[in-house]
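Fold and contact review
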Amino acid sequence: MKILVPVKRVVDPNIKARVKADGTGVETANLKMAINPFCEIAVEQAVRMKEEGGVDEIVVVSIGVTQCTETIRTALAMGADRGILVETTLEMQPLAVAKILKLIAEKEKPDLVIVGKQAIDDDCNQTGQMLSALLGWPQATFVSKIAVAGDHADITREVDGGLEKLTVKLPAVMTTDLRLNEPRYVTLPNIMKSKKKPLENVKADTLGIDIAPRLTTLNVKEPPQRGAGVKLADVAELVNKLKNEAKVI
Ligand code: AMP
């Protein structure tokens, strides 16, 4: 069994993002970047499935600037076997990413594509769904449990009212929920070992597909500053304020 895991390079989630002075987007220059947390969960899932047996190869792919090789190396250090960088300096939006991933899936023929449920920079939550539609493969989004059995997988999905259990035929596209697993720490020896793992470089403009951005960002603003809080003496004062000042009860 082969698993394909797309991994996105994003601003490190532990860093406070700042809006660019001209309001055209979020400042990324000189910021610490990291693997998107939901992609990290996807890699962890693939590695655990390989450790349990039945998975022969885990291929990770990242689409973007040259520095995405660092994101791929992180996934290789976690236990993935091989990396593909699809290099471009264009802004990558979900449809373009899904089109590129479709080409790679057709070439690599994985049994499973495990995608993050969303990238924490654009919060789109679209790529996995678009990829499944373009490939014509079944999809299972927001999965918190995957059990492969022969030509299908029994999965549990996180939905509003609780958990949903589904069976999907393979090959399929799945998107990871937070509760799927807790990713392992990457150790220094594994980082060193990952440098010897194969990493292929493909230029996006040689793929012959239209990946031009379709969406235009009009303006990005910081959220309004929150005012300071106040300390109240007791519940009676709180109720009074809610009633007479905030007028919410
Ligand atoms: P999104 O639809 O943008 O919220 O992204 C959902 C998931 O799609 C991510 O967690 C990744 O698994 C995948 N993805 C999105 N953009 C890229 C990219 N540039 N390179 C590789 N994978 C990506």
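Described in the following lines is the structure provided in the data block. (Residues numbered from 1 in each chain as written. Predicted model: local features only at pLDDT ≥ 70, side-chain atom pairs only at ≥ 80, totals over all residues. Heavy atoms only, no water.)

1. Digging into the sheet that holds strand β10 (residues 172–176)
- Read across the open sheet, the 9 strands follow the order β9-β8-β7-β10-β6-β1-β4-β5-β11; overall the sheet is mixed. A single partner strand is all that each edge strand has here, and the edge strands are β9 (162–169) and β11 (199–203). When the angles between neighbouring strand axes are averaged without regard to direction, this sheet yields 30°.
- Of the strand pairs in this sheet, strand β1 (residues 2–6) and strand β6 (residues 112–116) are connected by 2 bridges, and their pairing is parallel. Each bridged residue has a counterpart across the sheet, and for Ile3 the counterpart in β6 is Leu112.
- The strands that helix α1 (residues 37–52) touches are β1, β4 (57–64), β6, β7 (139–149) and β10; relative to β6, the one it contacts most, it runs at about 150°.
- In this fold helix α3 (residues 94–108) packs onto β1, β4, β5 (82–87) and β11, with an angle of close to 150° to the strand it touches most, β4. (Pairing = 2+ DSSP bridges. Helix = DSSP H or I, 4+ residues; strand = E, 2+ residues; numbered from the N terminus. Axes fitted to C-alpha atoms, helices over the stretch in contact; angles between N-to-C directions. Contact = heavy atoms within 4.5 Å.)

2. Structural notes on the packing of α3 against helix α4 (residues 127–135)
- For the pair α3 and α4, interaxial distance at closest approach is 8 Å and the crossing angle is 50°. Here α3 lies oblique to α4, going by the angle between them. Read as a crossing pair, α3 and α4 show a hand that is right-handed. Along the contact surface, α3 presents Pro94, Leu95, Val97, Ala98, Lys99, Leu101, Lys102, Ala105 and Glu106, while α4 presents Thr127, Met130, Leu131, Leu134 and Leu135.
- Along the lines of polarity and charge, the residues of the contact of α3 with α4 split into 10 nonpolar, 1 polar and 3 charged. (Parallel < 35°, antiparallel > 145°, perpendicular 65-115°, else oblique. Left-handed = near helix turned anticlockwise from the far one by under 90°. Nonpolar A, V, L, I, M, F, W, Y, C, P; charged D, E, K, R; others polar.)

3. Some thoughts on the site of the ligand
- The immediate surroundings of the ligand are formed by 19 residues, with Ile63, Ala119, Asn125, Gln126 and Thr127 found nearest.
- Contact between the ligand and Asn36: an oxygen atom at 3.0 Å from a side-chain N or O atom of the residue.
- Mapped by element, the contributors of at least two residues to the shell around the ligand are β4, α3 and β6.
- Element by element, the count of residues in the shell around the ligand is highest for β4, at 3 residues.
- Along the lines of polarity and charge, the residues of the shell around the ligand split into 10 nonpolar, 7 polar and 2 charged. (Near = heavy atom within 4 Å. Polar contact = N/O pair within 3.5 Å; in protein donor to acceptor, adjacent residues only side chain to side chain.)

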